[in-house]
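Take a look at the letters that make up each chain.
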Amino acid sequence: MTNVNRIRVVVLGAARVGKSAVTVRYLTKRYIGEYSSTSDLLYRHSVTFDNVITEVEILDTSKCGDGCLYEHIRWGEAFVVVYSVNDRHSFREAQELLGQLAKLKLPSYYTSLLLGNKRDLDHCRQICVDDGQELSLQFGCQFYEVSAAENFAGVSLAFQSLLREAKSVQLLK
Ligand code: GDP
Ligand code: MG
């Protein structure tokens, strides 16, 4: 295990969709229910792909203005765009964020994941799976529906899949 690489991941999305919940779930396997939302938080951890250690930095963003969003987008190379399946407004915001990503990052390579969170709230769902799938196809990103509250495995699978793709993109450069 010799190479040490780095992947910078940014978690974006409307307020209260569960950006912090999915990030903490992925990193600690735990769901604690309430999370600080006053500032951006940067986490570091390492993952091993094919015997190569990769340092992963994950920026869990909180509400900020456009200037701040551009900074985050410039900084990152892999993006998790979260919406909540019971919140139509958050889906529209996810759509806008994917558009901003394409505008600011293309033609450079970047990796993105559209994450529909809170799937446990199926009884008050406003966005169906097909809508999420269709949006992800439109922007060429990965797509998962998860519940940070109920399930670690789905969240973990989604992050791992994003990181694996980000890793292959780095190798292409
Ligand atoms: P953020 O503002 O996007 O970082 O959202 P938070 O992670 O702070 O979560 C906002 C609220 O949604 C909190 O009360 C969480 O407990 C709740 N929440 C997060 N994920 C889920 C989920 O998967 N299911 C349900 N039912 N609630 C969730
Ligand atoms: Mg948060």
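Residues numbered from 1 in each chain as written. Chains lettered and ligands numbered in written order. Predicted model: local features only at pLDDT ≥ 70, side-chain atom pairs only at ≥ 80, totals over all residues.

**A look at the overall build of the protein chain**
- Regarding its fold elements, the protein chain presents 5 helices and 6 strands.
- If you list the helices and strands of the protein chain from N to C, you get β-α-β-β-α-β-α-β-α-β-α.
- For the protein chain, the spread of C-alpha atoms along the principal axes amounts to about 50 × 35 × 30 Å.
- By residue count, 37% of the 173 residues in the protein chain fall in the buried class.
- Once local pairs closer than 6 in sequence are excluded, the contacts in the protein chain between residues at least 24 apart make up 71%. (Helix = DSSP H or I, 4+ residues; strand = E, 2+ residues; numbered from the N terminus. Buried ≥ 20, exposed ≤ 12 C-beta atoms within 10 Å, placed from the backbone. Contact = placed C-beta atoms within 7 Å.)

**Describing the confidence of the model for the protein chain**
- Per-residue pLDDT for the protein chain averages 93, and the proportion of residues at 70 or more is 97%.
- In the model output, the complex is listed with pTM 0.96 alongside ipTM 0.99. (pLDDT = per-residue confidence, 0-100.)

**Some points on the environment of cysteine 141**
- Inspection of the secondary structure puts cysteine 141 in the loop between helix 4 (129-139) and strand 6 (142-145).
- Residue classification places cysteine 141 among the buried positions, given that 22 C-beta atoms sit within 10 Å.
- Note: C-alpha distance between cysteine 141 and leucine 162 (21 residues apart in sequence) is 9.2 Å.

**Quick notes on the site of ligand 1**
- Surveying the vicinity of ligand 1 reveals 19 residues, the closest of which are Gly18, Lys19, Ser20, Ala21 and Ala149.
- For the shell around ligand 1, the element with the most residues is helix 1 (residues 19-28), which contributes 3 residues. (Near = placed C-beta within 6 Å.)

**Re the pairing of strand 2 (residues 41-49)**
- Within strand 2, only 0 of the 9 residues are buried, which leaves it mostly out in the open.
- Sheet analysis places strand 2 next to strand 3 (residues 52-60), joined by 9 bridges and oriented antiparallel. What sits directly across from leucine 41, in strand 3, is aspartate 60. (Pairing = 2+ DSSP bridges.)

**Points about the environment of tyrosine 83**
- The topology assignment puts tyrosine 83 in strand 4 (residues 78-84).
- Along the primary structure tyrosine 83 and alanine 149 are separated by 66 residues, whereas in three dimensions their C-alpha atoms are 14 Å apart.
- Not counting chain neighbours up to four residues away, the residues in contact with tyrosine 83 comprise Gly13, Ala14, Val17, Ser90, Phe91, Glu93, Ala94, Gly116 and Ile127.

**Comments concerning the packing of helix 1 against helix 5 (residues 152-172)**
- One can describe the packing of helix 1 onto helix 5 by two numbers: an axis separation of 9 Å at closest approach and a directional angle of 90°. The angle between helix 1 and helix 5 places the two elements in the roughly perpendicular class. Taking contact as the criterion, the partners of Val22, Arg25 and Tyr26 in helix 1 are, on helix 5, Phe152, Val155, Ser156 and Phe159.
- Grouping the amino acids of the contact of helix 1 with helix 5 by side-chain chemistry returns 5 nonpolar, 1 polar and 1 charged. (Axes fitted to C-alpha atoms, helices over the stretch in contact; angles between N-to-C directions. Parallel < 35°, antiparallel > 145°, perpendicular 65-115°, else oblique. Nonpolar A, V, L, I, M, F, W, Y, C, P; charged D, E, K, R; others polar.)

**Quick look at helix 1**
- Counting buried positions along helix 1 yields 8 of 10 residues, so the element is predominantly enclosed.
- Among all positions in helix 1, only Lys19, Ser20, Ala21, Val22, Thr23, Val24, Arg25 and Tyr26 are buried.
- In the segment just after helix 1, lysine 29 is the residue with positive phi, at about 70°.

**Focus on the nonpolar core**
- Ranked by internal contacts, the top residues of the largest apolar core, which has 40 residues, are Val80, Val81 and Leu115.
- For this core, the secondary structure elements donating two or more residues are strand 1 (4-13), helix 1, strand 3, strand 4, helix 3 (88-105), strand 5 (111-117) and helix 5.
- If we skip the residues at most four places from it in the chain, valine 80 touches Val9, Val11, Leu113, Leu115 and Leu162. (Core = buried A, V, L, I, M, F, W, Y, C linked by C-beta atoms within 7 Å.)

**Looking at the pairing of strand 4**
- Counting buried positions along strand 4 yields 7 of 7 residues, so the element is predominantly enclosed.
- Handedness of the crossover is the feature at issue here: the chain leaves strand 4, passes through helix 3, returns alongside strand 5, and the resulting connection is right-handed. (Right-handed = clockwise from strand over helix to strand, strands pointing away.)

**Let's talk about helix 5**
- For helix 5, spanning 21 residues, the distance from its first C-alpha to its last is 31 Å, which sits close to the expected 30 Å at 1.5 Å a residue.
- The set of residues buried in helix 5 consists of Val155, Ala158, Phe159, Leu162, Leu163 and Ala166. Buried residues of helix 5 fall within an arc of 125° about the axis and therefore sit on the same side. Away from its buried face by more than 90 degrees, helix 5 exposes Ala153, Ser168, Leu171 and Leu172. (Expected span 1.5 Å × (residues − 1). Arc of directions from axis to C-beta.)

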